[in-house]
Amino acid sequence: MRKVLGLNSFSEAFNAKYARPTPRESPAIVNSPAAPVKIRIQDQSLSFDYAHFLPEIEKCSTIHGHTASLNIEVVGDKVGGGLVVDFGLLKRVAREVVSSLDHRILVCDRYVESRDEGSVSIRFKGRGGDYRIVAPSSQVFISSFESTIENIAEFIAESILNRMPANVKYVRVEVSEGIGKFAESVATRE
Ligand SMILES: [Zn+2]
């Protein structure tokens, strides 16, 4: 007589033959409230255009321009029910910082010959000889640093961090000044 297996005994026999050993249980994932969290923004409205010159670098020592775009990461502790920082606030702050550079001539103060109420006189030696530019002050962004993409990234990261709430630990900024050219800077709280 053929032996007919009941459902239970069939599955026992099947498991005995085919079932894999039970894996060890993974440790439970605990979402620690103290763990810092990273948020990131990338937005078309955060791109900006600027003109500059770098007298120390032959190719860049004439006045020329770039269109820059930004990636911003913010790391901090969650507060107020689970936010590091409101995306709206971060975007607003980033736009404020970027608008101080947008469509301006970026000039290191060492090339400022003189300035009065309404205008800035700029002078430097560059490609082809001497340059002298007089421009309205409102169209010039004067900095203590040479306007390399590295220094611009650092300026943006620090300026954003200075305007962030105290729970934010650091701001990382990646700036692109054209196809395939990036600089990254991280500003951290002391
Ligand atoms: Zn350039």
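Peer 1: I'm lost on helix α2 (residues 87–99) in this one. Help?
Peer 2: Spacing of three or four residues puts side chains on the same side of an α-helix, whose turn is 3.6 residues. With 13 residues, α2 should cover 18 Å at 1.5 Å per step; its first-to-last C-alpha distance of 18 Å lies within 8% of that length. Where α2 is concerned, the buried positions are Leu90, Val93, Ala94, Val97 and Val98. Down the axis, α2 shows its buried residues gathered within 135° of arc, on one side only. Seen from the open side of α2, the exposed residues pointing more than 90 degrees away from its buried face are Gly88, Arg92, Glu96 and Ser99. Contacts made by the buried residues of α2 are with β1 (37–42), β2 (48–52), β3 (64–76) and α3 (149–162).

Peer 1: Honestly, unusual backbone geometry in this entry has me stumped. Any pointers?
Peer 2: Phi is mostly negative for residues that are not glycine, and the peptide bonds are mostly trans. At His103, a position not held by glycine, the phi torsion is positive, near 55°. C-beta crowding within 10 Å serves as the criterion here: with 12 such atoms nearby, His103 is assigned to the exposed category.

Peer 1: What am I meant to see in the nonpolar core here?
Peer 2: Nonpolar side chains in soluble globular proteins tend to end up buried together. Counting residues in each nonpolar core, the largest one holds 36 residues, and the members touching the most others are Ala94, Ile156, Ile160, Val171 and Val173. Where this core is concerned, the elements lending two or more residues are β2, β3, α2, β4 (104–108), β6 (119–126), α3 and β9 (168–176). Examining the composition of this core, we find that 8 residues originate from one element, α3, more than from any other. Those residues within four positions of Ala94 in sequence are excluded, and the remaining contacts are Leu46, Leu70, Ile72 and Ile160.

Peer 1: So what exactly am I meant to see when it comes to α3 here?
Peer 2: Between the first and last C-alpha of α3 there are 20 Å, a value that for 14 residues agrees with the 20 Å anticipated at 1.5 Å per step. Looking only at α3, the buried set comprises Ile149, Ile152, Ala153, Phe155, Ile156, Ala157, Ile160 and Leu161. Of the surrounding secondary structure, the elements contacted by the buried residues of α3 are β3, α2, β8 (140–143), β9 and β10 (182–188).

Rules and cut-offs
- Residues numbered from 1 in each chain as written.
- Predicted model: local features only at pLDDT ≥ 70, side-chain atom pairs only at ≥ 80, totals over all residues.
- Helix = DSSP H or I, 4+ residues; strand = E, 2+ residues; numbered from the N terminus.
- Expected span 1.5 Å × (residues − 1).
- Buried ≥ 20, exposed ≤ 12 C-beta atoms within 10 Å, placed from the backbone.
- Arc of directions from axis to C-beta.
- Contact = placed C-beta atoms within 7 Å.
- Core = buried A, V, L, I, M, F, W, Y, C linked by C-beta atoms within 7 Å.

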